[in-house]
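# Observations on chain architecture
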2 protein chains.
Amino acid sequence: MKKFINHVDDLLVESLSGFAAAHSDLVQLHLEPHYLTRKHKALDKVAIISGGGSGHEPLHSGYIGYGMLDAACPGHVFTSPTPDQMLAAAEYVHAGKGVLFIVKNYSGDVMNFEMAAEMLPFESATVLTSDDVAVNNSTYTTGRRGVAGTMIVEKCVGSLAETGANLQACKTFGDKVNSNIASMGVALTSCTVPAAGRPTFDIDHTELEMGVGIHGEPGRRREAMREADAIVKDLVAAIMEDFNMRGLHAEGSEALLLVNGFAGTPLMELYLIYNTAAKLFAKHGITVARSLVGNYTTALDMAGASITLCLLDEEIKQHWDNAVHTPALRWKI
Amino acid sequence: MKKFINHVDDLLVESLSGFAAAHSDLVQLHLEPHYLTRKHKALDKVAIISGGGSGHEPLHSGYIGYGMLDAACPGHVFTSPTPDQMLAAAEYVHAGKGVLFIVKNYSGDVMNFEMAAEMLPFESATVLTSDDVAVNNSTYTTGRRGVAGTMIVEKCVGSLAETGANLQACKTFGDKVNSNIASMGVALTSCTVPAAGRPTFDIDHTELEMGVGIHGEPGRRREAMREADAIVKDLVAAIMEDFNMRGLHAEGSEALLLVNGFAGTPLMELYLIYNTAAKLFAKHGITVARSLVGNYTTALDMAGASITLCLLDEEIKQHWDNAVHTPALRWKI
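Residues numbered from 1 in each chain as written. Chains lettered and ligands numbered in written order. Predicted model: local features only at pLDDT ≥ 70, side-chain atom pairs only at ≥ 80, totals over all residues. Heavy atoms only, no water.

Time to look at the overall build of chain A. A count of helical and extended segments in chain A gives 8 helices and 14 strands. Against the compact-globule benchmark of 20 Å for 333 residues, chain A has a radius of gyration of 19 Å, which places it among compact chains. The buried share among the 333 residues of chain A stands at 63%. For chain A, the proportion of contacts with a sequence separation of at least 24, taken over those separated by at least 6, is 72%. Working note: accessible area of chain A is about 11200 Å², and carbon and sulfur atoms make up 51% of it. Where the 26 positive side-chain charges of chain A centre and where its 38 negative ones centre are 5 Å apart. (Helix = DSSP H or I, 4+ residues; strand = E, 2+ residues; numbered from the N terminus. Rg over C-alpha atoms; globule rule 2.2 N^0.38 Å. Buried < 20%, exposed > 50% of the residue type's maximum accessible area, 1.4 Å probe, protein only. Contact = heavy atoms within 4.5 Å. Areas by Shrake-Rupley, 256 points an atom, 1.4 Å probe, with all protein chains shown as cover. Lys, Arg positive; Asp, Glu negative; His and termini not counted. Charge placed at Lys NZ, Arg CZ, Asp CG, Glu CD.)

Another aspect to go through is the confidence of the model for chain A. Looking at chain A, pLDDT values average 97 and 100% of them are 70 or higher. Across the interfaces of the predicted complex, the ipTM metric reaches 0.98, alongside a pTM of 0.98. (pLDDT = per-residue confidence, 0-100.)

Residue and element names in this part refer to chain A. Residues Met111, Met115 and Met119 make up a contiguous nonpolar surface patch of about 300 Å² in total accessible area. Residue position: Met111 is located in helix α3 (residues 107–119). Looking at Met111, the relative accessible area reads 47%, which means it is partly exposed. (Patch = residues over 30% accessible without salt bridge, like charges linked within 9 Å, V, L, I, M, F, W, Y side chains within 5 Å. Salt bridge = Lys/Arg side-chain N within 4 Å of Asp/Glu carboxyl O.)

Now for the relation of the copies chain A and chain B. Of the transformation placing chain A onto chain B, the axial shift is 0.0 Å and the rotation is 180°, giving an RMSD of 0.0 Å. The superposition of one copy onto the other is thereby described by a two-fold rotation axis. Every residue of chain A has its C-alpha some distance from the rotation axis, and the shortest such distance is that of Gly264 of chain A, at 2.3 Å. Taken together, the interface assignments show that 100% of the residues at the interface of chain A recur at the interface of chain B, consistent with an identical surface on both copies. (Least-squares fit on C-alpha atoms with pLDDT ≥ 70 in both.)

With that settled, the discussion passes to the packing of aromatic side chains. Overall, the coordinates contain 8 aromatic pairs over all chains when judged by the stated rule. With a centroid separation of 5.1 Å and an interplanar angle of 80°, the aromatic rings of Phe19 of chain A and Tyr271 of chain B are classed as edge-to-face. Separated into two different chains, Phe19 of chain A in helix α1 (residues 11–22) and Tyr271 of chain B in helix α7 (residues 267–283) make up a pair that spans both. There is no split in this pair, since Phe19 of chain A and Tyr271 of chain B are both buried. (Phe/Tyr/Trp six-rings, centres within 6.5 Å; stacked < 30°, edge-to-face > 60°.)

With 55 residues of chain A in contact, the opposing surface of chain B contributes 55 residues. Where chain A abuts chain B, roughly 4600 Å² becomes buried across the two surfaces, and 65% of that area is made up of carbon and sulfur atoms. When residues of chain A are sorted by the area they lose upon contact with chain B, Lys2, Phe4 and Met268 of chain A head the list and together hold 23% of the total. Summed over the shared surface of chain A and chain B, the result is 2 salt bridges. Across the pair Glu269 of chain B and Lys3 of chain A runs a salt bridge, and its minimum N-O distance is 3.8 Å. If you look at where chain A meets chain B, you find 23 residue pairs in polar contact (both at pLDDT 80 or more). The set of elements that each furnish at least two residues to the side of chain A that touches chain B consists of α1, α6 (228–245), α7 (267–283), β11 (287–294), β12 (304–312) and β14 (330–331) of chain A. Counting residues per element, the side of chain A that touches chain B draws most heavily on α1 of chain A, at 9 residues. Here the residues of the side of chain A that touches chain B are counted per class, giving 28 nonpolar, 15 polar and 12 charged. (Buried area = accessible area lost by both parts, 1.4 Å probe. Polar contact = N/O pair within 3.5 Å; in protein donor to acceptor, adjacent residues only side chain to side chain. Nonpolar A, V, L, I, M, F, W, Y, C, P; charged D, E, K, R; others polar.)

Residues and elements named next belong to chain B. Among the 9 residues that make up strand β12 (residues 304–312), 9 are buried, leaving the element largely enclosed by the rest of the structure. The pairing of strand β7 (residues 181–187) with β12 spans 7 bridges and is antiparallel. Looking at β12, one finds that Ile181 is bridged to Cys310. With 8 bridges joining them, strand β10 (residues 254–261) and β12 adopt antiparallel strand pairing. Pairing of Leu258 across the sheet is with Thr308, part of β12. (Pairing = 2+ DSSP bridges.)

What follows deals with the environment of Gly75 of chain A. Residues and elements named next belong to chain A. As for its placement among the helices and strands, Gly75 is situated in strand β4 (residues 71–77). Note: C-alpha distance between Gly75 and Leu12 (63 residues apart in sequence) is 8.4 Å. Once residues within four sequence positions are removed from consideration, Gly75 is found in contact with Leu12, Gly52, Gly53, Ser54, Ser80 and Pro81.

Each strand in a sheet pairs with another by means of backbone hydrogen bonds, the pair being arranged parallel or else antiparallel. Residues and elements named next belong to chain A. The sheet built from 6 strands is open, its strands ordered β1-β2-β4-β3-β5-β6 with mixed pairing. Looking at the sheet topology across the chains shown, the edges are occupied by β1 (27–30) and β6 (124–129). Looking at each pair of strands side by side, their axes are set apart by 20° on average, direction ignored. For strand β3 (residues 47–54) and β4, the ladder comprises 6 bridges, and the chain directions are parallel. (Axes fitted to C-alpha atoms, helices over the stretch in contact; angles between N-to-C directions.)

Take the pattern of salt bridges next. All names here are of chain A. Under the counting rule described, the total for this entry stands at 40 salt bridges over all chains. Among the ionic pairs, Arg222 bridges to Glu207, the shortest N-O distance being 3.1 Å. Highlighted residues: Arg222 in strand β9 (residues 221–224) and Glu207 in strand β8 (residues 207–210), separated in sequence by 15 residues. The structure contains a network of salt bridges with shared partners spanning Arg38, Lys45, Asp70 and Glu162.

A word on the side chain of Glu217 of chain B. Residues and elements named next belong to chain B. Looking at where Glu217 falls in the secondary structure, it is placed in the loop between β8 (207–210) and β9 (221–224). Of note is the side chain of Glu217, whose polar atom sits 2.7 Å from the backbone nitrogen of His215. Setting aside chain neighbours within four positions, we find Glu217 in contact with Tyr106, Thr139, Tyr140, Arg145 and Val212.

Encoded structure:
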């Protein structure tokens, strides 16, 4: 394992410290318990808080700021944050209108956010994201996993919260956005968790993992490596099949297409994936009205990518388009 | 080699097509010869054009748009674009005030941009970037290599050009910004050029390449892998030594600190590098007034990173801060 680290135990705090220093105009780091908040506390709005294991950067800390999150709680690499982090963050950012937790559907995260919610002295609600169509139930989940679509939920709900919408409205909208999203990923290499020191799984140079999770957990099946168009075709087919199974009418709809890198795949290849995916979705009668290509929900150093389609209605489109100002996403400001 | 490609010969056009489709609000792709321009041609300003081999994305195409480039000419992977590309791009974007080429100092790029400049029917000038302090002369260069600092030159000159400054003023400012920059990189793994199909160089799991180039070309020396702080200390020392040798007074100056990933290194590690680098520069009496951390000048899939310091005066700072709206860099718009 070759990584830019000093000691495994210090990686998280040293990295968070660098993040907070590099973005000191936008975010503030709090330690013991660890959480990050906006530099300037927002007033008179629902407080939006996310969090989860580290190693998926810029998710979630990179999305703290106007139009998105109020706080994020980072756990150690691929490890859930603990309830004391969520409690401290919620107490710090609560502005009298309740707290909405946006939580990726992994058992550890769900349990710890639930415990925090029960202990909170004020009103809260939770949106669970579950956009990964690859598998029902898996290594770390009951039900579908939350993956790259999570940042779309955070962006849209974050925008709605800025308008002064109440907790129930934010929760309802978050659930709607999540249900409009389907994602699936593929890995060409494993990631290496620093504390483990070796790749999470073995994969041959002739193989890929179709439907991989963002922690390197198994997907649908191990398959033969093949050309990009054939891989993208299978990802798009899985996404379309999911929308159809759930009775969502993707055909004729406008959509946001997100091609997300897991970190180890060059941008050049992500754009090639986008090129093929956009054409395939168009063949399904979908109008790709918004696009995002890059490393937005990563899996440490894994080579691979995921495709996310979010069906747009006017409300979702408006909130996607609204101003945002965070370390990792910024527009109209 | 596992990559998301179809056929090696189609990689460039398929990737460019995806890029143009994903950012169709901002850029336009022209084929045969290949170049990219802003969607809406700018008027009454010096046209700023860059280009070079592909594989460094988002450099340069990702920096096309208001406040930065008017056009970019992508060669094949790690291969210079040809003069017909620069000529066609220049003719398309020329707005009556001349053309400024911003060119990384590699022999092939320099030669081809020079040939284009000679054939142009209107006034042009060239800023050569040469921020890499690792080596004087190297595999592909006479003189220092242009690396991650190039995007800082493009950002600042692009901003000046929007004010209506003339060609000579843009050229003079570009040269000044370049001379205020020093960069050095380190590789933990090799990159793999798709057409070659195997890693550019062999490197053991106990080694790093100190001073590596952005094509995987040799740096100063092969060294033993060690903890991040020790690596960063050496990079910072090389940068400070360069400023001192050139008689530039870094101490007491404000600076922009860019920690650039070569693509294969997770953001978490880049922020850890930033954390250490910022502290070390502060010890040298430098005030880190602006920061950028991420994959801005990449080397295909190489794991590694570079540190760039740009000394700021009020003029450079103002142009760095001014509005920009490109696929890869956007603020204040």
